[in-house]
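# Understanding the architecture of this molecule
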Amino acid sequence: MRNTYQAPVLEVDEPDVTTGELELEERHSLRRVAGLSTELTDITEVEYRQLRLERVVLVGVWTEGSVSDADNSLTELAALAETAGSQVLEGLIQRRSRPDTATFIGRGKVDELREAVIATGADTVICDGELSPSQLRNLEQQIKVKVVDRTALILDIFAQHAKSKEGKAQVELAQLQYLLPRLRGWGDSLSRQGGGAGGGSGGGGVGTRGPGETKLETDRRRINQRIAKLRREIKGMRTVRQTKRSRRQSSGVPAVAIAGYTNAGKSSLLNRLTQAGVLVEDALFATLDPTTRRTAAEDGRVYTLSDTVGFVRHLPHQIVEAFRSTLEEVSFADLVVHVVDGAHPDPEGQVSAVREVLADVSADTVPELLVINKMDAADEETVLRLKRAWPDAVFVSARSGAGIAELHRAIADRLPKPAVDMRVLLPYDRGDLVARIHRSGQVLHTLHVEEGTEMRIRVDEHLANELESFRH
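Residues numbered from 1 in each chain as written. Predicted model: local features only at pLDDT ≥ 70, side-chain atom pairs only at ≥ 80, totals over all residues. Heavy atoms only, no water.

### Considering the sheet that holds strand 13 (residues 442-448)
Taken in spatial order, the 3 strands line up as 12-14-13 in an open sheet, and their pairing is antiparallel. Strands with a single pairing partner mark the edges of an open sheet, and in this sheet they are strand 12 (420-426) and strand 13. Averaged over neighbouring strand pairs, the angle between their axes works out to 15° when direction is ignored. As paired strands, strand 12 and strand 14 (residues 453-459) are joined by 7 bridges and run antiparallel to one another. Among the inter-strand pairings, M422 is bridged to a residue of strand 14, identified as I457. Most of the contacts of helix 15 (residues 431-440) go to strand 14, to which it runs at about 35°, and overall it touches strand 12, strand 13 and strand 14. (Pairing = 2+ DSSP bridges. Helix = DSSP H or I, 4+ residues; strand = E, 2+ residues; numbered from the N terminus. Axes fitted to C-alpha atoms, helices over the stretch in contact; angles between N-to-C directions. Contact = heavy atoms within 4.5 Å.)

Encoded structure:
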């Protein structure tokens, strides 16, 4: 069962364009330092948002697929753990038809896991799956160190990386939804924060003292109230997002959304295409807050490019639900640029995982352009295999710039074409209309005459109606 696990070595891209150096420097200056955390006497008294992830052992249950699939899944878990600030010491995989309902891994393997924890000096076990409250409790009681599942790990990374008000609210909502059924003794720290429910520890104040169950009920009520408040706030932010979206749609500017697996290079591509200066870091979920930039095709048509949150296998449903308003940006796009890491051991699995999440937010009907990134790091055999699998894909390297010009052309070819062909004569004092035509339509021919600007154009129906009086 046991394999000595070595975490993957990640290369750092060095694109010519800016990659958010100031934000990257700020993030690195706040990295967790191993060995400075106070030891906890009782592992159940842990507030969720203060997870201590330092020296970890990974454990996975291999239920289906090949051995390489199981190894890839644990490799990804290791990358997630390192992004959260952990040092991965060892990785263990067990072959089972399904996870054990009581302890995730088989009861006989729990002792072996305990031995690995003692031998490596680990303080945390991370399980490659979402564990039930009883599985978490049983494993912690038997292994005697903290147990964290894949969902909690991803939520911890999201909490570290969220920057905007909307992003922070979405992450907190997802955390609380995850925490609620797993409250147990974790509620103590929440009670101390609120200055309320006393419970068995005897604190709290008049009217709040009582048995431990009362304390947990009080904490649950507080969490439910906070969840309701966050949902109201996110709903308000969603309205603002919808207003901005409708404004873009009414202006006739096409929208392109960049989607893809986390760390596939979406932000690097956005920087290459628009000089956006978005943070680029070789880590999972480095950017959570969507960035929208305007750019232009070779024929002059303006369109918007939006970066989105990265996806991952088994993305926690709490995250999908909390980030629904952000992910819905993809479903309203005219084109999805689906970025794939060509140097990854399993790019086909990445594509399947992303398409699964896109289907969850009703974005699977939007036209898709597959872009295989990191070609400079992929071996020749992989490139040939991917070209056979996806003959219509565009192969690029955001780091070196190879293929970027071809990507520009491919996006322009797939942008919605204005529908109405017409010839107009615009007076020279109507430069505003000329600018709108260039921005949202296609100019096929221009001739400057004495009366004004004569143009043969292709525009959408809405703009065509406005230009009807100038038809020539």
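### Thoughts on the pattern of salt bridges
Enumeration according to the criterion identifies 17 salt bridges in this entry. Close ionic contact of E348 with R385 constitutes a salt bridge, the shortest N to O distance being 2.3 Å. In this pair, E348 sits in helix 12 (residues 347-360) while R385 sits in helix 13 (residues 380-389), placing the two residues 37 residues apart along the sequence. Take E348: its relative accessible area is 29%, and that puts it in the partly exposed class. A relative accessible area of 31% means that R385 is categorised as partly exposed. It is possible to trace a salt-bridge network through shared partners that takes in E76, D128 and R150. (Salt bridge = Lys/Arg side-chain N within 4 Å of Asp/Glu carboxyl O. Buried < 20%, exposed > 50% of the residue type's maximum accessible area, 1.4 Å probe, protein only.)

### Describing the packing of helix 2 (residues 67-83) against helix 5 (residues 150-161)
Interhelical geometry of helix 2 versus helix 5 gives an angle of 40° and a closest axis separation of 9 Å. As for the relative orientation of helix 2 and helix 5, their crossing is left-handed in sense. Across from S73, E76, L77, L80, A81 and T83 in helix 2, the residues of helix 5 making contact are R150, L153, I154, I157, Q160 and H161. Taken together, the residues of the contact of helix 2 with helix 5 sort by class into 6 nonpolar, 4 polar and 2 charged. (Left-handed = near helix turned anticlockwise from the far one by under 90°. Nonpolar A, V, L, I, M, F, W, Y, C, P; charged D, E, K, R; others polar.)

### Considering unusual backbone geometry
If you check the backbone angles, F104 has positive phi at about 70° while not being a glycine. Here F104 falls in the buried class, since its relative accessible area comes to 5%. Within the chain, S362 stands out as a residue other than glycine whose phi angle is a positive 60°. When you line up the elements, S362 lands in the loop between helix 12 and strand 10 (368-373). For S362, a relative accessible area of 52% corresponds to the exposed category.

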